[in-house]
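A look at the structure
Each chain, written out:
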Amino acid sequence: MAKANDVAAMEIDDQNSVTTDQINIPKFSVNVLQLLKSAQMQHGLRFGDYLRYRRYCTARLRRLYKSLKFTHGRGKYTKKAIAASTVTEVRFLHLVLYTAERAWSHAMEKKTLLDGPNARQRSYLIGRLRKAVKWATLFQELCAFKGDSRTSLEAEAYAAYMKGNLLFEQDQHWEIALKCFKSSRAVYEELGKYGDLENQVLCRERVEELEPSIRYCLHKIGESNLPTSELVHIGEMEGPALDLFKAKLEAAMAEARSQQAASMTEFYWLGHRFPISNAKTRVSILKAQELEKDINGPAADSLPAEKKLVLFDRIFSAYNEARSYIRNDLVTTGNSEKMKDDLSGLDKAIGAILGQRTIERNQLLVKIAKSKLSKLHVDKNEKITKPEELVRLYDLLLQNTADLSDLVSSGRDRKPEEVAFAEECELKSSAFRAERCFYLARSYSLAGKRTEAYILYGKARSLADTALKKLQSSNNADEVMIKELKMLYQECRSNSCIEHATGIMEENKAPENLSKKISSISLTGNDKKLEKLLMENLDSYESAVGDPATKSIPRIEAFPPAFQAVPRNPIVIDLAYNAIDFPSLENRMKKDKKGFISRLWR
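Treat the numbers as computed from the prediction; the structure is a model and nothing was measured.

Side note on the nonpolar core
Y53, L93, W104, F139, L142 and Y158 are the most contacted members of the largest nonpolar core, which has 66 residues in total. When contributions to this core are tallied by element, the ones reaching two or more residues are α2 (32–42), α3 (50–68), α4 (90–111), α5 (119–146), α6 (149–170), α7 (174–191) and α8 (197–221). Take this core: its biggest share by element is 12 residues, from α5. Among the nonpolar cores identified, the runner-up in size contains 61 residues, and W269, L343, I353 and A464 belong to it.

This is the structure in structure tokens:
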């Protein structure tokens, strides 16, 4: 075993010798991390598109080969090795670096396939990683000879990172992989203390990306007390350097869930027990329950809202996956009525839990929207919530609670837990209805419709009072909801008074405002933004000056009037006249008679 370890280590650490017979060596500078990060973010890796990044590396290498006149022949391929004596300018170092990046991106493209790499693709993936390690090692050697001290350090960190990735993917030699990752982290920690601000930020980001891989290696070695079920918390960061780790982490979590699923034989829901025979269904339900602990656990208050929304999406995905397995089992069950009833009940239970989580997610969206609605100073780029958006969200909540109540009430033999759950849905629905009416009134108030807003505020107050009495009389009263309804009741009361007072003030000022607006009516205007002409809207009853929502100045008619087309006789052009030879009419013309004296003056 030790011999096999030595052979594998020798395979990775095999380095080509570089000649050192030159004395005056020009030193080149390459900011490796900044160069690669910029290329990755601009060419696909911002969205995890490794194919696009690999194509960019291929095109970049083609341009470098041509510009350096370092092509490998025309007809027949003739390999040209890159040695220290070949490197006469910095683009040769770029050539080696992008070759390593192309091999690495090709491996990651296979790794991130939708269904995961099969055995053949995995073998090809490891071959590509070996190729990346080979070129990264050559890059390290060339930079040690031709680069400055910083470039040499970055090349060492890059080569160590590539070696760690290879061993990480091979699932062996965790001690060597840990050593590689730690040496890479040490270099980036040291480089992060110097240079400009952008370089320091990049180095710190790379250190944070390496940390999960180091902790995973420690876990595999056995030097960490971190349980497998908590490994998911160390892979929450984003970045190209973490894709290998996340794939490995998902495999480890799937293995841990499979071990836990062996002991999970039944699913409990509202007094019912449903047996689970399919192992895949058990794993999916366990995955969803683990994610629910993150949302409802003690650390849930510290989670940002965006993170909670991502967790809800993953919960929905896990439960929908479980439902698909249950329905496939229903198709292939056969004629066993008991098994069909158990599977149908389990499908109903999972659907009800999905409905509950949907309501919780929509309540989170309401909370986010309310925070943006009540902000006094909002960033310029941040969208301000309108009351209409909250009305739409409460419509969704009312639909969700109605669907959930119908689903729970659909059984014949209802247990007391199901009856209590249906009553709870009804209480939530009454509270949501009051909230919806309140924000509908607020939207009318912003539109200047005081009468409608006053009536809706009164209706919302009545709905809030009814819901509050129901909640206070119930056994399992939600204190948070009671507090919210009391605040809503007070807001409805104060806003209805404000709308009443504002309406009276506007009514008292209405004649004065009306006279001002009538006096501002003009025959016409030069403003192209003016909306309409009064003469064009005589058939429709619409106030031009009394409506408070009308902001433009009304005008009577356009003056001077526009030109209109007038019918007239057609103009006929006789084109044949000039082409006709008319007969001579001289013989028909009257001739003048002249006397004898007139002939003398001819």
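Quick look at the packing of α6 against α7
Between α6 and α7, whose axes approach to 8 Å, the crossing angle comes to 150 degrees. By the angle between their directions, the pair α6 and α7 is classed as roughly antiparallel. Note on packing geometry: the crossing formed by α6 with α7 is left-handed. Each of R150, L153, E154, A157, Y158, A160, Y161, K163, G164, N165, L167 and F168 in α6 lies in contact with α7, whose residues at this interface are W174, I176, A177, C180, F181, S183, S184, V187, Y188 and L191. Each residue belonging to the contact of α6 with α7 can be placed in one class, and the counts come to 15 nonpolar, four polar and three charged.

Focus on the packing of aromatic side chains
One pass over the full model with this rule turns up 15 aromatic pairs. Ring centres of Y65 and F70 lie 6.3 Å apart, and the angle between their planes is 5 degrees; this geometry places the pair in the stacked category. Across the pair, exposure class does not vary: Y65 and F70 are buried alike. An aromatic cluster of at least three residues, connected via ring pairs, comprises Y394, F432, F438, Y439 and Y457. Positioned above the aromatic ring of F70 is the side chain of K80, whose terminal nitrogen or guanidinium carbon lies 5.6 Å from the ring centre. The cationic tip of R206 hangs over the ring face of Y161; the distance from NZ or CZ to the ring centre is 5.1 Å.

A few points about the pattern of salt bridges
Under the counting rule described, the total for this entry stands at 20 salt bridges. R185 is the salt-bridge partner of E211, the closest N and O atoms lying 3.0 Å from each other. Here E211 is found in helix α8, whereas its partner R185 is found in helix α7, with 26 residues between them in sequence. Residue classification places E211 among the partly exposed positions, given a relative accessible area of 29%. The salt bridge involving R450 is made with E499; its shortest N-O contact spans 3.3 Å. Of the two residues, R450 sits in helix α15 (residues 450–473) while E499 sits in helix α16 (residues 479–519), which places them 49 residues apart along the sequence. Connected via shared salt-bridge partners are K37, R206 and E209.

What about the confidence of the model for the protein chain?
Taken over all residues, the pLDDT of the protein chain has a mean of 79, while the share at 70 or more is 77%. Averaged pLDDT values for the elements of the protein chain fall to 45 in helix α1 (residues 2–12) and rise to 92 in α3. Low pLDDT, under 50, characterises residues 228–239; the predicted model gives this stretch 31 contacts beyond four residues in sequence or across chains.

Topic: α5
For α5, spanning 28 residues, the distance from its first C-alpha to its last is 40 Å, which sits close to the expected 40 Å at 1.5 Å a residue. The N-cap of α5, judged by a side-chain oxygen 3.3 Å from the amide nitrogen of R120 a few residues on, is N118.

Structural notes on helix α11 (residues 305–331)
Helix length check: α11 (27 residues) gives 39 Å between terminal C-alpha atoms against 39 Å at 1.5 Å per residue, within 8%. Three or more residues of α11 are buried, namely K308, L309, L311, F312, I315, F316, A318, Y319, A322, R323, I326 and D329. For α11, the elements touching its buried residues are α10 (279–296) and α12 (337–373).

Some words on unusual backbone geometry
We note that D171 has phi near 60 degrees; this positive angle belongs to a residue other than glycine. Among the structural elements, D171 can be located in the loop between α6 and α7. For H173, which is not a glycine, the phi torsion comes out positive at approximately 55 degrees.

A look at the side chain of N400
For N400, the position within the fold is in helix α13 (residues 387–408). For N400, the residues in contact, after removing those within four places along its chain, are T358, I359 and N362.

Examining the packing of α4 against α6
Where α4 meets α6, the axes come as close as 12 Å, and the angle between the chain directions of the two elements is 25 degrees. Considering the angle they form, α4 stands roughly parallel to α6. Here the hand of the crossing between α4 and α6 comes out left-handed. Of the residues in α6, those in contact with L97, A100, E101, W104 and K111 of α4 are Y158, Y161, M162, N165 and E169. Grouping the constituent residues of the contact of α4 with α6 by class yields six nonpolar, one polar and three charged.

Points about the pairing of strand β2 (residues 272–275)
In the case of a regular strand, side chains alternate between the two sheet surfaces. Side chains of β2 alternate between two faces, with H272 and F274 buried and R273 and P275 left unburied. Across four bridges, strand β1 (residues 266–269) lies against β2 in antiparallel orientation. Bridge pairing in β2 links E266 to P275. The antiparallel hairpin formed by β1 and β2 contains two residues in its connecting segment, where L270 sits at a positive phi of about 50 degrees.

What counts and how
Residues numbered from 1 in each chain as written. Predicted model: local features only at pLDDT ≥ 70, side-chain atom pairs only at ≥ 80, totals over all residues. Heavy atoms only, no water. Core = buried A, V, L, I, M, F, W, Y, C linked by side-chain atoms within 4.5 Å. Buried < 20%, exposed > 50% of the residue type's maximum accessible area, 1.4 Å probe, protein only. Helix = DSSP H or I, 4+ residues; strand = E, 2+ residues; numbered from the N terminus. Axes fitted to C-alpha atoms, helices over the stretch in contact; angles between N-to-C directions. Parallel < 35°, antiparallel > 145°, perpendicular 65-115°, else oblique. Left-handed = near helix turned anticlockwise from the far one by under 90°. Contact = heavy atoms within 4.5 Å. Nonpolar A, V, L, I, M, F, W, Y, C, P; charged D, E, K, R; others polar. Phe/Tyr/Trp six-rings, centres within 6.5 Å; stacked < 30°, edge-to-face > 60°. Lys NZ or Arg CZ within 6 Å of the ring centre and 35° of its normal. Salt bridge = Lys/Arg side-chain N within 4 Å of Asp/Glu carboxyl O. pLDDT = per-residue confidence, 0-100. Expected span 1.5 Å × (residues − 1). Polar contact = N/O pair within 3.5 Å; in protein donor to acceptor, adjacent residues only side chain to side chain. Pairing = 2+ DSSP bridges.

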